[in-house]
Amino acid sequence: MTGFATAKGAALGATWTWDLRSVNGKGLDLRLRVPDWIDGLEARLRARVTAAIGRGNVTLNLRLARDEGQAELAVNPAGLNAVIAAMALVEAEAMEAGLSLAPATAADILNLRGVLEVRSLDAQTAPLLEALIADFDHVLADFLTMRRTEGRALQTVITAQLAQITTLVDQIAAATEARADEMAQTLRANLARVLDNGAGADPQRIAQELALIAVKADVTEEVDRLRAHVTAAQDLLQAPEPVGRKLDFLMQEFNREANTLCSKSQHKALTRIGLDLKTVIDQMREQVQNIQ
């Protein structure tokens, strides 16, 4: 889920710089820092990012500067109407008094206070909003391209880790077979010792208890489930849709089986392999956090 994109743009008397970046996260945490005087900008940017990104701590910054020299002059209709009405009143009063006034020119009227005003860019934000949204689409596309590139690299890493897990599971299966003879000898020796020293002990009951111990030490189910988890993870890595949350859950299952296996091992070689397995699973879990 790590990604980064930056770009600069200019239009309508404004210049801007985009900065879009993300790091791994369990869900989508989107933080936007954009100018608040452009109506609708934050909502439209948020909608675009949310539709494109499913997970990650995402930060979007927009630094925008306006060129005040590009501000436009515009006639204030209310001010113009007030001036015209005042001029009509003055001319009427002058005519009644027998005075002749020089005709006013358009320049004279425009120079009067309140008729001509300077409008800054934030008075007309709709065109600027559309220009920003169009430019951001390119930034978002670059950002997603980088994430896909990193995703392919992560797929290679996790595939290799799954291969390591498969090798370790095979070693566990082999070590379990080697352990079987040792455990059988140990159980028989323990049974003989108990029978020799246990006056009045029920031999069948003792045999049942020792058999129960053997069942509890069996790791066949854990080996089978670990192999099934490897297959499930490999399938998820090939899926076209976001699979990060599913892989998160699967990593919990990997870890649960590894913990159970280590607790049952009762064998030095098997314990060592189990600890190696837990190490690889933990490393893979860290990588999975970067997958959407």
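Residues numbered from 1 in each chain as written. Predicted model: local features only at pLDDT ≥ 70, side-chain atom pairs only at ≥ 80, totals over all residues. Heavy atoms only, no water.

What follows concerns the overall build of the protein. Within the protein, the regular secondary structure consists of eight helices and six strands. Start at the N end of the protein and walk to the C end: the helices and strands fall as β-β-β-α-β-β-α-α-β-α-α-α-α-α. Relative to its full complement of 292 residues, the protein shows a buried share of 33%. Carbon and sulfur atoms form 55% of the exposed surface of the protein, whose accessible area is close to 16,900 Å². (Helix = DSSP H or I, 4+ residues; strand = E, 2+ residues; numbered from the N terminus. Buried < 20%, exposed > 50% of the residue type's maximum accessible area, 1.4 Å probe, protein only. Areas by Shrake-Rupley, 256 points an atom, 1.4 Å probe, with all protein chains shown as cover.)

With that out of the way, let us pick up the nonpolar core. By size, the foremost hydrophobic cluster in this structure holds 30 residues, and its most contacted members are L162, I165, L247, F254, L277 and M284. Secondary-structure elements contributing two or more residues to this core are α4 (126–197), α6 (220–237), α7 (244–264) and α8 (268–288). The dominant element in this core, judged by the number of residues it contributes, is α4, at eight residues. Setting aside its immediate chain neighbours within four residues, L247 contacts A233, L236, L237, V288 and I291. (Core = buried A, V, L, I, M, F, W, Y, C linked by side-chain atoms within 4.5 Å. Contact = heavy atoms within 4.5 Å.)

One pass over the full model with this rule turns up 14 salt bridges. Between R31 and D29 there is a salt bridge; the shortest N-O distance is 3.4 Å. Judged by its relative accessible area of 52%, R31 is exposed. Through salt bridges that share partners, E221, E222, R225 and E257 make up one connected network. (Salt bridge = Lys/Arg side-chain N within 4 Å of Asp/Glu carboxyl O.)

Let us now look at the packing of aromatic side chains. Summed over all chains, the structure comprises one aromatic pair. Ring centres of W18 and F136 lie 5.0 Å apart, and the angle between their planes is 50°; this geometry places the pair in the tilted category. Here the residue W18 occupies a position in strand β2 (residues 14–23), and F136 occupies one in helix α4, the gap between them amounting to 118 residues. Exposure class is identical for W18 and F136. Each is buried. (Phe/Tyr/Trp six-rings, centres within 6.5 Å; stacked < 30°, edge-to-face > 60°.)

Pairing analysis gives six bridges linking strand β3 (residues 28–33) to strand β4 (residues 56–66), with the strands arranged parallel. Paired with L30 across the strands is V58, a residue of β4. (Pairing = 2+ DSSP bridges.)

Moving on, we come to the sheet that holds β4. Pairing between the strands of a sheet is mediated by backbone hydrogen bonds and can be parallel or antiparallel. Sheet architecture is open: four strands sit in the order β1-β2-β4-β3, paired in mixed fashion. At either end of the open sheet lies a strand with only one pairing partner, and these are β1 (3–11) and β3. Across this sheet, the average inter-strand angle for adjacent strands is 10°, counted without regard to direction. Where β1 and β2 come together, nine bridges link them in antiparallel fashion. Bridging across to β2, A11 finds its partner in A14. Set on the sheet, helix α1 (residues 41–52) makes contact with β2, β3 and β4; between it and β3 the angle comes to about 150°. (Axes fitted to C-alpha atoms, helices over the stretch in contact; angles between N-to-C directions.)

Time to look at the confidence of the model for the protein. Residues at a pLDDT of 70 or more form 82% of the protein, whose mean pLDDT is 82. α1 holds the highest mean pLDDT among the elements of the protein, 93, whereas helix α5 (residues 203–216) holds the lowest, 58. (pLDDT = per-residue confidence, 0-100.)

With 12 residues, α1 should reach 16 Å at 1.5 Å per residue; the first-to-last C-alpha distance of 17 Å fits that figure. Taken together, the buried positions of α1 are occupied by L41, L45 and V49. Buried positions in α1, seen along its axis, are confined to an arc of 50° and lie on one side of it. With respect to the buried face of α1, the exposed residues turned more than 90 degrees away are A43 and A51. (Expected span 1.5 Å × (residues − 1). Arc of directions from axis to C-beta.)

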